[in-house]
Amino acid sequence: MTDTSADLVILGGGSGGYACAFRAAELGLSVVLIEKDKLGGTCLHRGCIPTKALLHSAEVADAARDGEQVGVKASLEGIDIDGVNSYKDNIVKRLHKGLQGLVKAHQVTYVEGAGTLVDSKTVEVDGTRYTGSKVVLATGSYSKTLPGLELGGRIIASEEALNLDFVPNKVVVLGGGVIGVEFASVWRSFGAEVHVVEALPHLVPNEDEYLSKQLERAFRKRGIKFSTGVKFTGAEQSDSGVTVSLENGEQLDADLLLVAVGRGANTAALGYEEAGLTMERGFVRTDERLRTNLDGVYAVGDIVPGLQLAHRGFQQGIFIAEDIAGLNPPVIDEAGIPRVTYCQPEVASVGLTESAAKEQYDQVETFTYDLAGNGKSQILKTAGAVKVVRATDGPVLGMHLIGERVGELIGEGQLIYNWEALPEDVAPLIHAHPTQTEALGEAHLALAGKPLHVHG
Ligand SMILES: Cc1cc2nc3c(=O)[nH]c(=O)nc-3n(C[C@H](O)[C@H](O)[C@H](O)COP(=O)(O)OP(=O)(O)OC[C@H]3O[C@@H](n4cnc5c(N)ncnc54)[C@H](O)[C@@H]3O)c2cc1C
């Protein structure tokens, strides 16, 4: 047994783990980064990047199909799924290579293998012990299923959905959250019949209800079926298909059932509980500075209760590195983390929903700017809206967007929210014409009492 010691030992090389490693190395700390699979984790290999590549292929398919609407003669001959997969896989490969280069450039000691936590300073990999003055746990998450619903065959999770070598004719998607609606969107664009089942009353149920309703309307227009407020009761598969039963008696036949009912924390059998970590429904409990109950042990990313997003993991990783280096970084405001669902149309938000804002503030005001008044959105032929929530006479509390490409607008949205700007601060700032950013500008102009392109 050879022992290696460092300032920091990080278990898991996904978004949270590697961001922490790079920032710590920049700050002069020695770092051991342990990864059992591929550097980059879920986001790069099984999450953000490959799904967004599929969504781009879907967008191009829609553009070919709808070319005539803008006077371009084009037709969609079909989807070459091998071509789609190689386009997607090449992007992942290139980014993976880039990331491996960054590990070397930062002089991080990279260890391949499955690690277990031995105590608050030690992680063991294949009999070798790595000792850190501090330890960061970053082991990520896995696709959950429902009790009695076994994954396998025609019942798949997002990992399998990303690597299909065919386009299904008919799919049922269980779960109308981010992952479910993104796959529903891709498959519909590729020509499949899609039915989404969601137990809660709306699709994207964590979003402001206005966005959920707008998305439902857009999905109806696209021919994506959905059943909301109804529970799944069972699924039977055969050689030819899968039949999904709902509690209202409805039965849905499909080629595939995608189970997208959330992600559990990957914390079992890693020595966490044995080492004395306080857990919470499988997640690692931390304080707001991401410290666990064990002295010197931090947790980052999807294993920490809250939004499971890659950029949250990046920011938490940077935070921990800076905290350990004594820079005393400010606590991360979870509501200030931008959220984007990349289906067609896109849904993007930051800050509080209107109902959450009303619970926390005495008086709030909202303004909703319809993209019908935005020239660039009309050029793109997208419907949608920008809804801004503010405290009366106070700062912007939340922004909720729907429409083609609005994910790109949330960059400005998060600056406004996180800087606690007033609509009156934003109103004089200039937005280029014609861009969709003008819709953000218009909403703030209106809330500041000087609407420009607003009817009524
Ligand atoms: C289909 C899908 C689409 C997504 N799309 C987006 C998106 O568009 N935008 C977004 O922000 N987020 C998206 N996410 C979420 C995002 O992928 C996660 O929030 C992010 O990857 C979490 O980072 P992490 O570091 O906590 O965990 P992970 O990325 O899961 O990394 C954990 C790493 O730890 C390793 N590991 C686990 N156990 C051990 C062990 N014992 N020893 C060594 N290594 C170990 C794993 O192999 C893994 O590489 C998506 C997720 C999915 C599934």
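Calculation notes
- Residues numbered from 1 in each chain as written.
- Predicted model: local features only at pLDDT ≥ 70, side-chain atom pairs only at ≥ 80, totals over all residues.
- UniProt positions renumbered as here; feature names shortened; annotations may be inferred.
- Helix = DSSP H or I, 4+ residues; strand = E, 2+ residues; numbered from the N terminus.
- Rg over C-alpha atoms; globule rule 2.2 N^0.38 Å.
- Contact = placed C-beta atoms within 7 Å.
- Expected span 1.5 Å × (residues − 1).
- Buried ≥ 20, exposed ≤ 12 C-beta atoms within 10 Å, placed from the backbone.
- Near = placed C-beta within 6 Å.
- Nonpolar A, V, L, I, M, F, W, Y, C, P; charged D, E, K, R; others polar.
- Domains from an automatic or database assignment.
- Pairing = 2+ DSSP bridges.
- Axes fitted to C-alpha atoms, helices over the stretch in contact; angles between N-to-C directions.
- Left-handed = near helix turned anticlockwise from the far one by under 90°.
- Arc of directions from axis to C-beta.

- With an unreviewed UniProt entry as reference, the chain is termed Dihydrolipoyl dehydrogenase, source organism Halosaccharopolyspora lacisalsi.
- Turning to the chain, the UniProt annotation filed under Sequence similarities (unreviewed entry) states: "Belongs to the class-I pyridine nucleotide-disulfide oxidoreductase family."
- For the chain, the Subcellular location (unreviewed entry) comment in UniProt is given as "Cytoplasm".

Quick notes on the overall build of the chain
No. 1: A tally of regular secondary structure across the chain gives 13 helices and 24 strands.
No. 2: The C-alpha atoms of the chain give 23 Å as radius of gyration, which agrees with the globular expectation for 456 residues (23 Å, within 12%).
No. 3: With the principal axes as the frame, the chain shows a C-alpha extent of 70 × 60 × 40 Å.
No. 4: Put simply, 65% of the contacts in the chain that link residues at least 6 apart link residues at least 24 apart.

Examining helix H8 (residues 310–324)
No. 1: Under the 1.5 Å per step criterion, the end-to-end length of H8 is 21 Å for 15 residues, consistent within 8% with the ideal 21 Å.
No. 2: Extensive coverage of H8 is indicated by the burial of eleven of its 15 residues.
No. 3: Of all the positions in H8, only Ala 310, Arg 312, Gly 313, Phe 314, Gln 316, Gly 317, Ile 318, Phe 319, Ile 320, Ala 321 and Ile 324 are classed as buried.
No. 4: In this structure, the buried residues of H8 make contact with strand S1 (3–11), helix H1 (15–26), helix H2 (41–46), helix H3 (48–65), strand S6 (128–137) and strand S19 (297–299).
No. 5: The first or second residue beyond H8 is Gly 326, which carries a positive phi of 85°.

Here we look at the UniProt feature "binding site: NAD(+)" (unreviewed entry) in the chain
No. 1: In the numbering used here, UniProt assigns the "binding site: NAD(+)" (unreviewed entry) feature to Gly 175, Gly 176, Gly 177, Val 178, Ile 179, Gly 180, Val 181, Glu 182, Glu 198 and Gly 262. Maximum C-alpha separation among the annotated residues is 13.9 Å over a sequence range of 88 residues, consistent with a single clustered spot.
No. 2: Within the fold, Gly 175 resides in the loop between strand S9 (170–174) and helix H6 (178–189).
No. 3: In this structure Gly 175 touches Gly 180, Glu 198, Val 259, Ala 260 and Val 261, once residues within four positions along its chain are discounted.
No. 4: With respect to the helices, strands and loops of the structure, Ile 179 is situated in helix H6.
No. 5: Aside from chain neighbours lying at most four places away, what touches Ile 179 is Ser 158 and Ala 260.

Focus: the site of the ligand
No. 1: As a matter of local geometry, the ligand sits amid 36 residues, with Gly 12, Gly 14, Gly 41, Gly 140 and Gly 301 nearest to it.
No. 2: Secondary structure elements with two or more residues in the shell around the ligand: H1, strand S2 (31–35), H2, H3 and H8.
No. 3: If you tally residues by element for the shell around the ligand, the top one is H2, at four residues.
No. 4: Partitioned by chemical class, the residues of the shell around the ligand number ten nonpolar, 20 polar and six charged.

Brief notes about the domain arrangement of the chain
No. 1: When cut into domains, the chain gives domain 1 (3–141 + 264–334), domain 2 (155–261) and domain 3 (345–447).
No. 2: Taking only C-alpha atoms into account, the centre of domain 1 sits 30 Å from that of domain 3.

What about the sheet that holds strand S8 (residues 155–156)?
No. 1: Strand order in the open sheet made by the five strands is S8-S15-S9-S10-S11, with parallel pairing throughout. Two strands lie at the open edges of the sheet, namely S8 and strand S11 (225–228), each paired on one side alone.

Notes on the UniProt feature "domain: Pyridine nucleotide-disulphide oxidoreductase dimerisation" (unreviewed entry) in the chain
No. 1: The UniProt feature table records "domain: Pyridine nucleotide-disulphide oxidoreductase dimerisation" (unreviewed entry) at residues 337–443.
No. 2: For residues 337–443, helix accounts for 30% and strand for 29%, while the C-alpha atoms at its two ends are 21 Å apart.

Side note on the sheet that holds strand S12 (residues 232–237)
No. 1: Spatially, three strands are ordered S12-S13-S14 in an open sheet, and the strand pairing comes out antiparallel. Looking along the sheet, the strands with just one partner apiece sit at the ends: S12 and strand S14 (251–254). Across the sheet, the mean angle separating the axes of adjacent strands is 20° when strand polarity is ignored.
No. 2: As defined by bridge partners, strand S13 (residues 242–246) adjoins S14 across four bridges and the pair is classed as antiparallel. Note on S14: the bridge partner recorded for Ser 245 is Gln 251.

Things to note about the pairing of strand S21 (residues 346–351)
No. 1: In terms of burial, S21 is a largely internal element, six of the six residues being buried.
No. 2: Examined bridge by bridge, strand S20 (residues 339–341) and S21 share three bridges and lie antiparallel to one another. Of the residues in S21, the one forming a bridge with Thr 341 is Val 347.
No. 3: Note that S21 and strand S24 (residues 396–403) share six bridges and pair antiparallel. Paired with Glu 346 across the bridge in S24 is Gly 403.

Some thoughts on the packing of H1 against H8
No. 1: At a minimum axis separation of 7 Å, H1 and H8 run at an interaxial angle of 35°. By crossing handedness, the relation of H1 to H8 is classed as right-handed. Contacts between H1 and H8 involve Ser 15, Gly 16, Gly 17, Ala 19, Cys 20, Arg 23 and Ala 24 from the former and Ala 310, Gly 313, Phe 314, Gln 316, Gly 317, Ile 318, Ile 320, Ala 321, Glu 322 and Ile 324 from the latter.

Looking at the environment of Phe 219
No. 1: Within the secondary structure layout, Phe 219 lies in helix H7 (residues 209–222).
No. 2: Sequence separation between Phe 219 and Ser 185 is 34 residues; the distance between their C-alpha atoms is 8.3 Å.
No. 3: Those residues in contact with Phe 219, other than ones at most four positions away along the chain, are Leu 203, Ile 224 and Phe 226.

Brief notes about the environment of Pro 428
No. 1: Within the secondary structure, Pro 428 sits in the loop between helix H12 (423–426) and helix H13 (437–447).
No. 2: In this structure the C-alpha to C-alpha distance between Pro 428 and Ala 448, which are 20 residues apart in sequence, comes to 9.7 Å.

Structural notes on helix H11 (residues 410–418)
No. 1: Along H11, the residues that are buried comprise Ile 410, Gly 413, Gln 414, Ile 416 and Tyr 417. All buried residues of H11 project into a common sector of 160° when viewed along the axis, lining one side.
No. 2: The secondary structure elements touched by the buried residues of H11 are S20, S21, S24, H12 and H13.
No. 3: Just downstream of H11 lies Glu 420, where phi reads positive at about 55°.

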